[in-house]
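# Geometric and topological summary
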Amino acid sequence: MITVFVEPENETFTFERHNTVLMLQKRLGLRVNDALVIRGDRLLTSDDRLVDGDEIRIRKVTSTG
Amino acid sequence: MKCRKCKAPAEIPLPSHNTAFCRDCFATYFTGQVEKAIRRHGLIMPGERVLVALSGGKDSLSLMLELSRLGYDVTGLHVDLGIPVSSPAARAKVQGFCDLHGLKLRVVELIKEGLPIPDVKKYINRPVCSACGKIKRHWFNRVALEDGFNVLATGHNLDDEVARLFANTLRWDAGYLSDQGPCLQAESGFARKIKPLYRLTEFETACYAFLNGIEIHNAPCPYSGGASFTGHKRLWADLEHQSPGSKISFYDGFLKRGRPAFALVEKDEGHALAPCETCASPTSTGMCGVCRLAIAVTERRAADPDRQ
Ligand code: SF4
Ligand SMILES: [Zn+2]
Ligand SMILES: [Zn+2]
């Protein structure tokens, strides 16, 4: 299972099935430059694999001001 | 994914440039884009003092950090809007950032100036965001003038600029199209206004902020009712996705071929500007718009039975 925290909505999701960052982006309807995909202190790219227990932070980039 | 330059694992994919970078090569790329903007448009001359408008968002803080690293003499200016919850949060982020990096900061408090935004919203019958924008611009100009800054820098990025240009193109707003760009030369008592991040997208400034550990203020303003240009930004995201590089080519093409044509046809209206009788900011109306707003708010607040 992986946990995904989405900003700026501050919503948390969990996914039982996981594979790559690309799959996660597709699930959330995000394209490659729509959001940062953060694991710890690193940014992930679409082909990075997600592993059980990952905590991922999705930071959408479109400024709203 | 591997970094195109050094083959280390990539962290930042940039399809618009048909590339991907590791964090070190991205830092070099980011700096290169800012330097290119400054060089190409003569944004900052040696020895000039730069006032940077700091909202607390990723763009303005990234801009401040990058300009200071490039060795420019920068001072931040934050306008505390006096909005409960969101203003103290934004100000704390800006203050913490400047303290951490040893950067100079000035703060203008609208409560002290008699013009907190909640009162503007309550007493002035016009969209609060347009008044708020006007007040912020007024203070950036005013501090630049009073304290002798040559240049006023804002964190507008490529997405902001393209969305704005697109909106103005849809309206064929010739006045705007004749002088919009990353550099607005100083004139009649206004400092030069520059946008050194205009070549970088929102995604890129967000990556820069994250990689540099910049803590961002992103609690929304309670008055922001659906952001400006969000629809246009979405359209452009589609376009960019189908045809990477569209944004920068649209914007650069405008600067090279569109703007000069509009500048030719758009004759300068030539409103004579004189110092505002109250605050000395340049204006064509005797007393400037913001001083008139301040008077209107003060009068209506005094007459408000809830505030007695
Ligand atoms: S959203 Fe808030 S901070 Fe932004 S312009 Fe409107 S009132 Fe001002
Ligand atoms: Zn590299
Ligand atoms: Zn005035």
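So, a few notes on the structure that sits alongside this text. (Residues numbered from 1 in each chain as written. Chains lettered and ligands numbered in written order. Predicted model: local features only at pLDDT ≥ 70, side-chain atom pairs only at ≥ 80, totals over all residues. Heavy atoms only, no water.)

## Some details on the pattern of salt bridges
Residue and element names in this part refer to chain B. One pass over the structure, following the stated rule, counts 25 salt bridges over all chains. In this structure, K195 and E161 form a salt bridge, with 3.2 Å as the shortest nitrogen-oxygen distance. Here the residue K195 occupies a position in the loop between β8 (192-194) and α8 (202-211), and E161 occupies one in helix α6 (residues 158-170), the gap between them amounting to 34 residues. For the residue pair K195 and E161, the accessibility class agrees, reading buried in each case. For the salt bridge of R171 with D173, the shortest nitrogen-to-oxygen distance reads 3.7 Å. Counted as one network, the salt bridges with shared partners bring together D80, R91, E109 and K112. (Salt bridge = Lys/Arg side-chain N within 4 Å of Asp/Glu carboxyl O. Helix = DSSP H or I, 4+ residues; strand = E, 2+ residues; numbered from the N terminus. Buried < 20%, exposed > 50% of the residue type's maximum accessible area, 1.4 Å probe, protein only.)

## Quick look at the sheet that holds strand β2 (residues 11-15) of chain A
On the basis of which strands lie adjacent, the open sheet formed by five strands has the order β2-β1-β5-β3-β4 (chain A) and mixed pairing. Of all the strands in the sheet, the pair left with one neighbour each is β2 and β4 (42-43) of chain A. Across two bridges, strand β3 (residues 35-39) of chain A lies against β4 of chain A in antiparallel orientation. Paired with R39 of chain A across the bridge in β4 of chain A is R42 of chain A. Set on the sheet, α8 of chain B makes contact with β3, β4 and β5 (55-60) of chain A; between it and β3 of chain A the angle comes to about 25°. (Pairing = 2+ DSSP bridges. Contact = heavy atoms within 4.5 Å. Axes fitted to C-alpha atoms, helices over the stretch in contact; angles between N-to-C directions.)

## What to know about the interface of chain B and chain A
Each side of the interface is counted separately: chain B has 25 residues, and chain A has 21 residues. Across the interface of chain B and chain A, roughly 2,000 Å² is buried in total on both sides, 57% from carbon and sulfur atoms. Summed over the three residues of chain B that lose the most area to chain A, namely E11, F203 and F210 of chain B, the buried surface amounts to 30% of that side. Summed over the shared surface of chain B and chain A, the result is two salt bridges. The set of elements that each furnish at least two residues to the side of chain B that touches chain A consists of β1 (12-14), α8 and α9 (230-242) of chain B. For the side of chain B that touches chain A, the element with the most residues is α8 of chain B, which contributes six residues. (Buried area = accessible area lost by both parts, 1.4 Å probe.)

Fair warning: the whole summary comes from geometry, so function is off the table for now.
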